[in-house]
Amino acid sequence: MDDREHTTDVTPQASARSAQEVADDVVARVLARAGTALQAGGTHHSTFDGDQLDLEERTSLRRVANLSTELEDVTEVEYRQLRLEKVVLVGLWGAGTAQDAEISLRELAALAETAGSQVLDGLLQRRRTPDPGTYLGSGKAAELAAVVAAVGADTVVVDGELAPSQRRALEDVVRVKVVDRTALILDIFAQHAKSREGKAQVELAQLEYLLPRLRGWGESMSRQAGGQVGGAGAGMGSRGPGETKIELDRRRIRNRMAKLRREIAAMEPARVTKRASRKRNAIPSVAIAGYTNAGKSSLLNRLTNAGVLVENALFATLDPTVRRAETGDGRVYTLADTVGFVRALPHQLVEAFRSTLEEVADADLLLHVVDASHPDPEGQLAAVRHVFADIPGAMDVPEIVVLNKADLASPEVLARLRSREVHAVAVSAHTGAGIDELQALVADQLPRPGVTVDLVVPYSRGDLVSRVHEHGDLQQEEHVAEGTRLRARVDESLASELRAAAV
C-alpha cells in the first residue's frame, strides 16, 4: 500500500482532537503495518543480484520463538544476550507533527523486525521532554506495564537513547527487558557483521555502549572484610581482592576495547594500501552511500553485476564491497558500497566504523542513494549528511543524489527532490530505469587525466597503449609504420613513461 495514503489529517476538525487520540491513531496505523514493514511486496531479485547465497544463512539466524526475557534476577540483565522476540514499542512525540512521529515509530518497528522480533503493540506519548526518572513518567510507565502484561510481551523497545538510571527505573516498573534504540541497532549490526574487521568494529561499539551500563550488587561483591578474629571483622579468610565483580568486569571490558582498537588499527593499512594502489594507477573511485535499505547494494549490482547480498531489510550490508566499473567511453573506475545510515545513528558505531567510512572521504565522487518512495526522503538526506559532517573531508567530495525506487515514488516527490539538488537523477535499480542517465552523469563528473600527449608508441610497448585505453582519455588512435600514434589525456606518471618510450 502506498505510504502517501497514510498522511495525517491536519484539517481544523482533526486539530481539535486531543493529543492522546492523535497519538493512539498514529500507533494504530504503525502497528497495522508493523507485520509487513519490511515485506511489502516481497523481495524480488533481479538477474544482476547473483545467487544470493547469504540469504538462506541470514534467514537461518532468526530468533527462536517463545524465548522469554522476563526478568527474574534484575542484577543479571546486562550480562544476557539480547533476545528480542515479542516486543512493545514506546515513543515520545515532542516537536514536529504526528506524521513525523509515525515515521519514526514505523522505522523502529522495521528495526525490531530486522532484529527478529514480532511487534505486538505500542505507546506514543505527547511530551515535550523525557521524564528524568522513567523516561515516560510514572503514569505512562504504569500504563505500559499493563499493556506488556496484557499482550504477553518479552521486551520493551524505546525509540530513543535511555540513560542507565532511566532504563533501570523503567525495568523495575514493567518487569521485562527494556531495550533502547541504540542497543537495538547494535544488536542488528552484531547479527549482520561477517568480516573480521566488521565483527571487531561492532564488538567495540557494543562494549563502549555497555561499559557505563553494567550493574551488579549484593552477592556479586568481593570487598575486603578487614578486622581481627574475635573483633568486629569477619577474621581470617575473609579478605577478598578488594574489587567488586562489576569493577572486574569493567576492567576486562576496557582491556578488551584496547585490544580491539589495536586490531582495527592493524587492519587499516591493508585498505590504505589498496587505495594507494588505485591512486597510483590513476583509477578514480566512486563511493555509494546513503540511508539503510535505500537500495545501495542493488545499485552496485546493477552497475557492476557484483552479485552482492540484496535483502529487503535494514542494515543488510555492513562490510564494504569494491568492484570495477567502466564509463561509456571506456574509462575504468571503482565502485565501493558502504554501510548504511539511519536517524540517530549511535555515535559508538560512527567511531567504530570510522576506518570503513573513510572510503567516502577518499572517493573522487559520491553517489548518495535516497529511497524516493520513503515518506520522508528529505529526512534521509539530512540524516546521512549529518554523519558525513563527522568524517573529515567527506563534505568536500562531489555528490550525485540518486533517487532510487523511482518506479514506486510519486512524480511530485521526484520533481521536488530534483529541483532542490544540484546533481540528482531518478533511477530504479530493480527495473534498470534511469541507469543510463546515471552512468552518463558519473562519466561527466569523474575527474579526467590532466596531461595531453600526442606521440607514437612502438609496437613493442603494447602495454603502454593498453594502459592508455584503460586509465586515460583516448581521443585518437592511428597505426603507422613506426608504431601506434596516440592522442590522449593521461596522468603525469603515465605521460612520462609514454614520452620515454616514444619514437
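Throughout this description, residue numbers start from 1 for each chain and increase along the sequence as written. For a predicted model such as this one, the threshold for reporting local features is a pLDDT of at least 70, and the threshold for listing and counting side-chain atom pairs is 80 or more; totals across whole chains, interfaces and linings nevertheless cover every residue. With hydrogens and water stripped out, all remaining heavy atoms of the structure feed into the side-chain values.

Visitor: Mind showing me how you'd approach the sheet that holds strand S12 (residues 473-479) here?
Guide: Whether parallel or antiparallel, the strands of a sheet pair through hydrogen bonds between backbone atoms. Across the sheet, which stays open at both edges, the 3 strands sit in the order S11-S13-S12 with antiparallel pairing between neighbours. Of all the strands in the sheet, the pair left with one neighbour each is strand S11 (451-458) and S12. Going from strand to strand, the sheet's axes swing by 15° on average, the running direction of each strand aside. Any two strands with at least two DSSP bridges between them are considered paired. Counting from the N terminus, the helices are DSSP H or I runs at least four residues long and the strands are E runs at least two residues long. Pairing of S12 with strand S13 (residues 483-490) involves 6 bridges; the strand directions are antiparallel. Opposite leucine 474, over in S13, you have alanine 488 as the bridge partner. Whether two residues are in contact is decided by their heavy atoms, any of which lying within 4.5 Å being enough. Fitted lines through C-alpha atoms serve as axes, helices being fitted only where they are in contact, and the angles separating the N-to-C directions of these axes extend from 0 to 180 degrees. In the packing of helix H17 (residues 492-501) onto the sheet, contacts are made with S11 and S13, and the angle to S11 comes to roughly 35°.

Visitor: How should the pairing of strand S9 (residues 399-404) be read in this particular structure?
Guide: Within a regular beta strand, the side chains point alternately toward one face of the sheet and then the other, so they alternate between its two faces. Each residue is assigned to one of three classes by its accessible area relative to the maximum for its type, calculated with a 1.4 Å probe on protein chains only: buried under 20%, partly exposed between the two thresholds, exposed over 50%. The buried count for S9 comes to 5 of 6 residues, which makes it a mostly enclosed element. Pairing of strand S8 (residues 365-371) with S9 involves 6 bridges; the strand directions are parallel. Counterpart to valine 370 in the pairing with S9 is leucine 403. As judged from the 3 bridges shared by S9 and strand S10 (residues 424-426), these two strands associate in the parallel manner. Within the sheet, the bridge partner assigned to valine 402 lies in S10 and is valine 425.

Visitor: Looking at this model, I keep getting lost on the sheet that holds strand S1 (residues 86-93). Mind explaining?
Guide: What the 4 strands build is an open sheet, ordered S2-S1-S3-S4; its pairing is parallel. Two strands bound the open sheet, and with one partner strand each, they are strand S2 (118-126) and strand S4 (177-180). On average, each strand axis in the sheet is tilted by 25° relative to the strand beside it, whichever way the strands run. Note that S1 and S2 share 8 bridges and pair parallel. The partner of leucine 92 across the bridge, within S2, is glutamine 125. Contacts between helix H5 (residues 138-151) and the sheet are confined to S1, S2 and strand S3 (155-158), with S2 contributing the most and set at about 165° to the helix. Docked against the sheet, helix H7 (residues 181-192) engages S3 and S4, running at close to 85° with respect to S4.

Visitor: Help me understand the nonpolar core in this model?
Guide: Considering soluble globular proteins, one finds that nonpolar side chains tend to be buried as a cluster. Among buried residues, the Ala, Val, Leu, Ile, Met, Phe, Trp, Tyr and Cys ones that are joined through side-chain atoms within 4.5 Å form a nonpolar core. Grouped together as the largest cluster of nonpolar side chains are 71 residues, with contacts concentrated most on Leu299, Leu335, Leu367, Phe388, Ile400, Leu438 and Val442. Take this core: its biggest share by element is 7 residues, from helix H4 (residues 98-114). Discounting residues that sit within four places of it in the chain, isoleucine 400 has contacts with Leu365, Leu366, Leu367, His368, His423, Val425, Leu438, Leu441, Val442 and Gln445. With 18 residues, the next largest nonpolar core counts Leu136, Ala153, Val176 and Val178 among its residues.

Visitor: Any chance you could explain the environment of glutamine 476 here in plain terms?
Guide: Within the secondary structure, glutamine 476 is located in strand S12. Distance in space between the C-alpha atoms of glutamine 476 and alanine 488 is 6.7 Å, their sequence separation being 12 residues. For glutamine 476, the residues in contact, after removing those within four places along its chain, are Arg485, Leu486 and Arg487.

Visitor: Got a minute to help me understand the packing of helix H16 (residues 462-471) against H17 in this structure?
Guide: The angle between the axes and the distance between the axes are what describe a pair of packed helices. Remark: H16 packs on H17, axes separated minimally by 11 Å, with the N-to-C direction vectors making an angle of 150°. The angle between the axes of H16 and H17 places the two elements in the roughly antiparallel class. Considering how the two elements wind past one another, H16 and H17 form a crossing that is left-handed. Mapping the contact onto sequence places Leu464, Arg467 and Val468 in H16 and Leu494, Glu497, Leu498 and Ala501 in H17. Working definition: roughly parallel below 35 degrees, roughly antiparallel above 145 degrees, roughly perpendicular at 65 to 115 degrees, and oblique for all remaining angles. Throughout, a crossing is termed right-handed when the near helix is turned clockwise from the far one, and left-handed when it is turned anticlockwise from it by less than a right angle.

Visitor: Sorry, what's going on with helix H10 (residues 296-304) here?
Guide: An α-helical turn contains 3.6 residues, so a residue and the one three or four places further along point in the same direction. Of all 9 residues in H10, 9 are buried; the element is thus mostly enclosed. Residues of H10 that are buried include every one of Lys296, Ser297, Ser298, Leu299, Leu300, Asn301, Arg302, Leu303 and Thr304, and no others. Here the buried face of H10 lies against strand S5 (285-290), strand S6 (321-326), strand S7 (332-337), S8, S9 and helix H15 (435-445).

Visitor: Even after reading the chapter, I still don't get the side chain of histidine 368, so can you show me in this structure?
Guide: Along the chain, histidine 368 turns up in strand S8. Among the polar contacts listed, one links the side chain of histidine 368 to the side chain of glutamate 399, at a separation of 2.8 Å. Nitrogen and oxygen atoms within 3.5 Å of one another constitute a polar contact, given that in protein one can donate a hydrogen and the other can accept it, and given that sequence-neighbouring residues count only through two side-chain atoms.

Visitor: Sorry if this is basic, but what is going on with the environment of threonine 452 here?
Guide: Mapped onto the elements, threonine 452 comes out in strand S11. The residues touching threonine 452, leaving out its near neighbours within four places in the chain, are Ala488 and Arg489.

Visitor: I would appreciate a short explanation of the pairing of S6 in the present structure.
Guide: In this structure, S6 lies alongside S7, joined through 6 bridges in antiparallel fashion. Opposite arginine 323, over in S7, you have leucine 335 as the bridge partner. The turn linking S6 back onto S7 is made up of 5 residues, and glycine 330 within it adopts a positive phi angle of 95°.

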